[in-house]
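Residue-level listing of the chains:
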Amino acid sequence: RINATDEVRLSSNGGSQNLTFHTANTERLRINAAGNVGIGSSSPNISSAGKALTINSSSSTILELAKDGARKANFYTDGTNASLSNNANGHLAFNTNNTEKLRIDSSGTVGIGTSTAGSWTKLEVAGTGGLQTGATQALHVSSPSATANEGVGIRLNAGSGSHEAVGVIGMVNNASGNYGSMTF
């Protein structure tokens, strides 16, 4: 106990050696003996990961990142749905190996393999990958089925109603096992 009014209390629970923080005589934060941190959870590390920060609530939960007193980014869940948000007028980037791999800019344009997707597109895929020697492929679309007469394609629409133009680029696996392409 820090003081006699129980405004803040640090304690150790026997052999488990948890460090707990309380307000209004209710546990609010726990650091367990393994170093996992729980906010609203007396059992942090629900998934048994190496180390965890567990935030638990009976309603919605939000992890906020702020700068100068204003929320700039957050991760939110209502128990069914989840969202990752940049609350500023900027981009949201995803990195692996310390390099940006995907970016969503403030207009909603998605760039994969580029941090400057064209203003004329909503999705730009840049880069190379190859399923065959010498092949360069920036986008791979595959069918979830090898069933005869089924295939995969990309549908392109422009306009709507009587002024709609439709184009399809795709592949079909026919009954003999041969693949045929279609473009129209």
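Here goes a summary of the coordinates provided. (Residues numbered from 1 in each chain as written. Predicted model: local features only at pLDDT ≥ 70, side-chain atom pairs only at ≥ 80, totals over all residues. Heavy atoms only, no water.)

### Focus on the layout of surface pockets
Which entries qualify depends on this criterion: For cavity detection a 1 Å grid was placed over the protein atoms alone, and a set of points counts as a cavity when a 1.4 Å probe fits there but cannot get out; an open set counts as a pocket when protein lies on both sides within 12 Å along at least five of seven lines, with lining residues being those that have an atom within 4 Å of a point. Grid points are joined across faces, edges and corners, and a volume is the space filled by probe spheres set on the points. Ten residue types, Ala, Val, Leu, Ile, Met, Phe, Trp, Tyr, Cys and Pro, are classed as nonpolar, four, Asp, Glu, Lys and Arg, as charged, and the remainder, Gly among them, as polar.
The calculated volume of the largest pocket comes to roughly 150 Å³. As for the largest pocket, its lining consists of L53, T54, I55, T61, I62, L63, F75, Y76 and T77. Tallied by class, residues from the lining of the largest pocket come to six nonpolar, three polar and no charged.

### Overview of the pattern of salt bridges
As a reminder of what qualifies: Any Lys or Arg side-chain nitrogen found within 4 Å of a carboxyl oxygen on Asp or Glu counts as a salt bridge. Working definition: with a 1.4 Å probe on protein chains only, accessible area under 20% of the residue-type maximum means buried, over 50% means exposed, and in between means partly exposed.
Within the structure shown, the criterion is met by four salt bridges. For the salt bridge of R30 with E27, the shortest nitrogen-to-oxygen distance reads 2.7 Å. The buried category is assigned to R30, whose relative accessible area is 10%. The closest approach of N and O atoms between E100 and R103, which form a salt bridge, is 2.7 Å. Relative accessible area serves as the criterion here: at 26%, E100 is assigned to the partly exposed category.

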